[in-house]
Amino acid sequence: MKPYHISIDGQAVPYQPGQTIMEAATAAGIYIPHLCHNPEFKPHGSCKLCTVKVNGRSAAACTMPAGEGQEIQNNTPELNATRRAITRMLFVEGNHICPGCEKTGNCQLQAVGYYVGMLDTHYPHFFPTRRVDASHPDVMLDLDRCIVCELCVRASRDVDGKNVFGLAGRGLQTRLVVNSASGLLKDTDFSAGDKAAQVCPVGAILIKRKGYEVPIGERIFDHHTIGEVSLEHDQAVLGADHG
Amino acid sequence: MANKLKVATTSLAGCFGCHMSLLDIDERLLDLCEVAEFDRSPLTDIKHCSETVDIGLIEGGLCNAENVHTLREFRKHCRILVGVGACALNGGIPALRNHIPLQECLEEAYLHGVGVEDAQVPNDPELPLLLSKVHPIHEVVKVDYFLPGCPPSADVFWKFLTDVAAGKEPELPYELVHYD
């Protein structure tokens, strides 16, 4: 097959027609920060954390197809500053009080914050009032931490075949909703074993009676950057796909 | 040393855990005292800053009018103001009350709480007025550096202070940066 290449930060990266920039980068061992993207699901392109410059224009690496002649900038001070700003905005738009969250240490939003050098949140906090749904016997839904990545929506729809979750509203009013007449999780056929219960990158969907199971110092991001963890996961998924 | 760094510390709406973590640098405090001296701090019991302080370490967020006053005074006197810990950074645990109306918080604590006797909401004029929400400090003053963590570890304080004392731009390695 004819070899196709794009250039990422000056490095020639091979790609197959039909691959996105993110997929080509991942296969080549190049980490592009992302939150709403998970190669197990169809790209969503909502968080914009994976924004790269393609021939000088901004594009989401998770949705942009790789193509001949693309000169891509990824790991630059400007793009990383933008990613820091996006991460800060995600923090101030929700109620991300890390010391009070079970997901801490295993949270991808937090880990992206570490990765992009976020030491403060910079912007005024919204402190929104959001719903906590503890009605389900095995799963807790705390929308304070939802970043509207739609991973649970995609997992429930595409893998579990249940359509438990959806997004409602637009812009700042966009929010995760539960597909039941009461709007409560207990009135759905959701189960803790569902894929949708496992994919939340933050602490919005938590399995009950599992909190703080792994002690501080032994959690995922205590010793590994999100770059390392993410590449390992995403490469394994892509490898499985191609195998 | 002729020109030691003057370091002031204070606590706003926090638990003093960050101060405990500062003390946790243990015997390295002796090394630190070679290059730095404490100014205003609960550790020295000095109540107000000298005219000019080199580094002001401030833990806690803003939950009442006195916190805002203290923060502004601190900012005025500190050449480098450092927000220390999750509460200073984003309100932290005290900010968990932000989605509950203040009146409800007070009533739950002082009127309807378990074991409350002689129920009454405190109303002494000497008590500082509560803010309706807890806020991080960067929403009120310019903050030069942040040391995240709940609390930041002793090594974070040590790295930051020794970097400044050495005239270097303070930098925290990955292992030391935690939001929890």
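Residues numbered from 1 in each chain as written. Chains lettered and ligands numbered in written order. Predicted model: local features only at pLDDT ≥ 70, side-chain atom pairs only at ≥ 80, totals over all residues. Heavy atoms only, no water.

**A few points about the interface of chain B and chain A**
- Contacts between the two partners involve 23 residues from chain B, matched on the other side by 29 residues from chain A.
- Buried surface at the junction of chain B and chain A, both sides included, amounts to about 2,200 Å², of which 64% is carbon and sulfur.
- Looking at the side of chain B facing chain A, the largest losses of area belong to Tyr174(B), Tyr179(B) and Asp180(B), adding up to 36% of the total buried there.
- Our count for the chain B to chain A interface comes out at one salt bridge.
- Across the pair Arg219(A) and Asp180(B) runs a salt bridge whose closest N-O atoms are separated by 2.7 Å.
- Linking chain B with chain A are 13 residue pairs in polar contact (both at pLDDT 80 or more), by the criterion used here.
- Elements with a minimum of two residues in the side of chain B that touches chain A: α4 (85-90) and β6 (130-135) of chain B. (Contact = heavy atoms within 4.5 Å. Buried area = accessible area lost by both parts, 1.4 Å probe. Salt bridge = Lys/Arg side-chain N within 4 Å of Asp/Glu carboxyl O. Polar contact = N/O pair within 3.5 Å; in protein donor to acceptor, adjacent residues only side chain to side chain. Helix = DSSP H or I, 4+ residues; strand = E, 2+ residues; numbered from the N terminus.)

**A few points about a negative patch on the surface**
Residue and element names in this part refer to chain B.
- Together, Asp24, Asp26, Glu27, Asp31 and Glu34 line one region of the surface with negative charge.
- Looking at the element boundaries, aspartate 31 is found in helix α2 (residues 28-35).
- Relative accessible area serves as the criterion here: at 46%, aspartate 31 is assigned to the partly exposed category. (Patch = residues over 30% accessible without salt bridge, like charges linked within 9 Å, V, L, I, M, F, W, Y side chains within 5 Å. Areas by Shrake-Rupley, 256 points an atom, 1.4 Å probe, with all protein chains shown as cover. Lys, Arg positive; Asp, Glu negative; His and termini not counted. Charge placed at Lys NZ, Arg CZ, Asp CG, Glu CD. Buried < 20%, exposed > 50% of the residue type's maximum accessible area, 1.4 Å probe, protein only.)

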